[in-house]
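Chains, contacts and geometry: an overview
As a plain string of letters, each chain reads:
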Amino acid sequence: MTAALRRWFYDARVRAWISQAAVAGAMFGTIWYFVANASENMVKAGIASGFDFLWRTSGIDVPFKIVDYTPQNNIVDLLWVGVANTLLVSLLGMALATILGFLIGIARLSKNFLLRGLATGFVEFVRNIPLLLFVFFWYFGVIRALPPPRDSFGAFDTFFLNNRGLYVPAPTEGHPFAAVSVAFAIGVALFLVLRAWAVKRQAATGKIFPIWAAGTALIVGVPLAAAIVVALTTSWSVPVRGGFNFRGGFVLVPEFVALLAALVTYTAGFVAEVVRGGILAVGKGQKEAAASLGLTPGQTLRLIVVPQALRVMVPPMTSQYLNLLKNSSFGAAIAYPEIVSVFMGSALNATGQAIEIIAITLAIYLVAGLAVSMFMNWYNARIALVTR
């Protein structure tokens, strides 16, 4: 072996590249073996492969959907229904679990013995019970225990609650509430402008502007006003009891409510511990300094403690959000039409394309999870402490 070749061989960087190339080659070789083996077995068994089945007529009815779909649509439209329902329950669950978890986490640090004890009991109970039991409890123990349609709970002869769901009025034409989304975006933009002005004003004069009260009025008040205007100018389909069920309106199916309640209550217990740990990570001297400046306990928590605690809370919160996204697949246990139920269940049974359907489902969960991680990483970098 020549001296040049010896130096090249003993170079740490070269050996690192060689080892990584060997590992990558072994990985791709293993994947190729399994794919080729599966394809050969499918040919021998007479099972068709490929993704042409996505453009077949579905023929599958979905009881709850937020996108336009009928059984005459293609299977790819059925897939989109499952994705939309999964994202709906996941995003709502993340928002509600964050709010509930923050409240419980702060309550765990309360000086009130009863409040602290209730919060601690909730957390310990939730963290030691499987999620599937929560799903069954909310579905069979709470929702299905409601009265039948004939004995529904009603309000103003417009809203009805029974064991088949919550029936509410629905607009009869188009999507009139798109204006509410625009109003919400305007409210958020105005809040950001107002917040920037308030920060500059406080730096210049030392006066604190009630930014959160004003921000709540903008973010909630502007869309609410738009919703009221739209509601008064739109024709509605009101639920009416007919035979053994209700006709008209929109029904919030019990499967959605049960799954959402289970995901929120379960995840909130873990979020509460993340919040408690983040708050305890803030030094005691920070709170003492805030008190010496005359800040109230509420101002100290909002202006001093929580902003610093967020830097500790965001990474574990990312894990909880990812867990909630994946746990939405438990909806299949109670027939909520999320992606696992309608695509890996109904579509797979109708087409027999097991490998393709499972691969598509895994890819969708992967993309959704990476999107959540990217957003949380961006937010974590945005609030990170800037040092020299």
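Scope of this entry: the structure provided in the associated data block. These numbers come from a predicted model, not from an experiment. (Residues numbered from 1 in each chain as written. Predicted model: local features only at pLDDT ≥ 70, side-chain atom pairs only at ≥ 80, totals over all residues. Heavy atoms only, no water.)

Moving on to the overall build of the protein. When its secondary structure is counted, the protein shows 12 helices and eight strands. Taken against the 2.2 N^0.38 rule, which gives 21 Å for 388 residues, the C-alpha radius of gyration of the protein at 27 Å runs more than 25% over that of a compact globule. In terms of its C-alpha atoms, the protein occupies a principal-axis envelope of roughly 80 × 75 × 40 Å. A total of 388 residues make up the protein; the buried ones form 35% of that total. Of all intrachain contacts in the protein linking residues separated by at least 6 positions in sequence, the fraction that spans at least 24 positions is 67%. (Helix = DSSP H or I, 4+ residues; strand = E, 2+ residues; numbered from the N terminus. Rg over C-alpha atoms; globule rule 2.2 N^0.38 Å. Buried < 20%, exposed > 50% of the residue type's maximum accessible area, 1.4 Å probe, protein only. Contact = heavy atoms within 4.5 Å.)

The next thing to look at is the sheet that holds strand 3 (residues 165-168). Across the sheet, which stays open at both edges, the four strands sit in the order 1-2-3-8 with antiparallel pairing between neighbours. In this open sheet, the two edge strands, each paired with only one partner strand, are strand 1 (153-155) and strand 8 (250-252). In this sheet, adjacent strand axes meet at a mean angle of 15° when their direction is disregarded. Pairing of strand 1 with strand 2 (residues 159-162), which is carried by three bridges, proceeds in the antiparallel orientation. Of the residues in strand 2, the one forming a bridge with Gly154 is Phe160. (Pairing = 2+ DSSP bridges. Axes fitted to C-alpha atoms, helices over the stretch in contact; angles between N-to-C directions.)

Next up on the list: a nonpolar patch on the surface. Taken together, the side chains of Met27, Phe28, Ile31 and Val35 define a hydrophobic patch exposed on the protein surface, amounting to about 400 Å² of accessible area. Along the chain, the position of Val35 falls in helix 2 (residues 12-45). Judged by relative accessible area, which is 45%, Val35 ranks as partly exposed. (Patch = residues over 30% accessible without salt bridge, like charges linked within 9 Å, V, L, I, M, F, W, Y side chains within 5 Å. Areas by Shrake-Rupley, 256 points an atom, 1.4 Å probe, with all protein chains shown as cover. Salt bridge = Lys/Arg side-chain N within 4 Å of Asp/Glu carboxyl O.)

Turning to the pairing of strand 2, a few remarks are in order. With burial as the criterion, only one face of strand 2 is covered, namely that bearing Phe160 and Asn162; the residues Phe159 and Leu161 on the opposite face remain uncovered. In this antiparallel pair of consecutive strands, strand 1 and strand 2, the connection spans three residues, and Phe156 shows a positive phi of 60°. As paired elements, strand 2 and strand 3 share three bridges and run antiparallel to each other. By the bridge assignment, Asn162 is partnered in strand 3 with Gly165. Linking strand 2 to strand 3, which pair antiparallel, is a turn of two residues.

This paragraph deals with helix 11 (residues 339-351). Given a rise of 1.5 Å per residue, 13 residues ought to cover 18 Å, yet the end C-alpha atoms of helix 11 are separated by just 16 Å, more than 12% below that figure. All of the buried residues along helix 11 are Ile339, Ser341, Val342, Phe343, Gly345, Ala347, Leu348 and Thr351. Where the residues of helix 11 are buried, they touch helix 3 (75-107) and helix 12 (354-383). The opening residue of helix 11 is Glu338, an N-cap whose side-chain oxygen sits 2.9 Å from the backbone nitrogen of Val340. The first or second residue beyond helix 11 is Gly352, which carries a positive phi of 75°. (Expected span 1.5 Å × (residues − 1). Polar contact = N/O pair within 3.5 Å; in protein donor to acceptor, adjacent residues only side chain to side chain.)

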